[in-house]
Structure formats: C-alpha cells, structure tokens
Amino acid sequence: MKQLMTAALIAGLTITSTASMAAADKPAKAVAVKFKAGASGATYHGKIKGYGYDQYSFYAKKGQRLKAVTTGNVETYLFNNSLLPDSVNLGEYSSHLDSHGDYILPYTGTYQVRVLQTRNAARKGKTPNYTLQLTIRQ
C-alpha cells in the first residue's frame, strides 16, 4: 500500500513539474514586430506574471544593429533557435553590447526578444509592467 501511495505521489509531482516547465516554454504573449513605414523602431507595452515571458519576433539581416531598451523591473534576452548557441543578454550593462548599447546581429534570420523578470521577483509574486523599445538599423 505504501509503495502504491509513493508511486502515485511521484507520478503526480512529475505531471505537475512537467506542466509547469511546459508553461514556461511558451510565451504569455507572442508579438510579430512590425515597424511603421520608414521607421526603424517600435514600442511595446506589457506585464510579466510569474515565470512567464513575452516574446517579440522579427526578421533581420546579418550586420544590422539591434537595440532593446526597457523600463520596468524586467530583463531582455535575444534568441535565435537555430543559429545562436545560447541566449544573448540585451540588458544595459551586458558585455554583448557595443559602446552604443547595440548588439550586432551575427546572422540573417528570425530572432526573438524575450522579456521576463528575475526568478527572485517571480518567487515574490511580482507582476511588473514594462515598456520595450526595439530599434533595428544598419
């Protein structure tokens, strides 16, 4: 009987953990970045809850300069699932940025900027509002 209860408990925890991880793998909000005609930037607003994140996708060419500026207590990371080996921190003090705060895109393709909060803030139940300003230029 104890073995059956232990097995049921382990199965329940596994299902709960897997569901939590799956939820964290999907953005709370997914936005296809669009610039107005003649513009090289766009501004977006959002709110992060828990361990979730918002994702902003765009197509850019190798050598273009990306700048992501946020307000609010959030962090920004750049992803490219097939080309970048890891995420790139786009925060103000990131070593990945040049002296102008730009990241030089290494490949032509689709990128995602993810906006999220720190794990510590998520544990405390914070839900920060943010503004994201994305600029892509030559």
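The structure presented is a predicted model; accordingly, all values stated were derived computationally and were not measured.

(A) Structural detail: the environment of Gln 64. Relative to the helices and strands, Gln 64 resides in the loop between strand S3 (53-60) and strand S4 (65-71). Counting along the chain gives 40 residues from Gln 64 to Ile 104, while the straight-line C-alpha distance between them is 5.8 Å. If we skip the residues at most four places from it in the chain, Gln 64 touches Tyr 103, Ile 104, Leu 105, Ile 136, Arg 137 and Gln 138. Within the structure, Gln 64 has its side chain in polar contact with the backbone nitrogen of Lys 61 (distance 2.7 Å).

(B) Spotlight on the sheet that holds strand S7 (residues 103-104). Pairing is antiparallel in the open sheet, where four strands are placed in the order S2-S9-S4-S7. Each having just a single partner strand, strand S2 (41-47) and S7 make up the two edges of the open sheet. Here seven bridges tie S4 to strand S9 (residues 129-137), and the two strands are oriented antiparallel to one another. What sits directly across from Thr 71, in S9, is Thr 131.

(C) Examining the packing of aromatic side chains more closely. The final tally for this structure, using the stated rule, is two aromatic pairs. Between the aromatic rings of Tyr 44 and Tyr 56, the centroid separation amounts to 5.1 Å while the plane-to-plane angle is 45°, which identifies the pairing as tilted. Note that Tyr 44 is positioned in strand S2 and Tyr 56 in strand S3, a separation of twelve residues in sequence. The residues Tyr 44 and Tyr 56 share a single accessibility class, namely buried. The interplanar angle of 20° and the centroid separation of 5.9 Å between the aromatic rings of Phe 58 and Tyr 111 together place this pair among those described as stacked. Highlighted residues: Phe 58 in strand S3 and Tyr 111 in strand S8 (residues 109-116), separated in sequence by 53 residues.

What counts, and at which threshold
Residues numbered from 1 in each chain as written. Predicted model: local features only at pLDDT ≥ 70, side-chain atom pairs only at ≥ 80, totals over all residues. Heavy atoms only, no water. Helix = DSSP H or I, 4+ residues; strand = E, 2+ residues; numbered from the N terminus. Contact = heavy atoms within 4.5 Å. Polar contact = N/O pair within 3.5 Å; in protein donor to acceptor, adjacent residues only side chain to side chain. Pairing = 2+ DSSP bridges. Phe/Tyr/Trp six-rings, centres within 6.5 Å; stacked < 30°, edge-to-face > 60°. Buried < 20%, exposed > 50% of the residue type's maximum accessible area, 1.4 Å probe, protein only.

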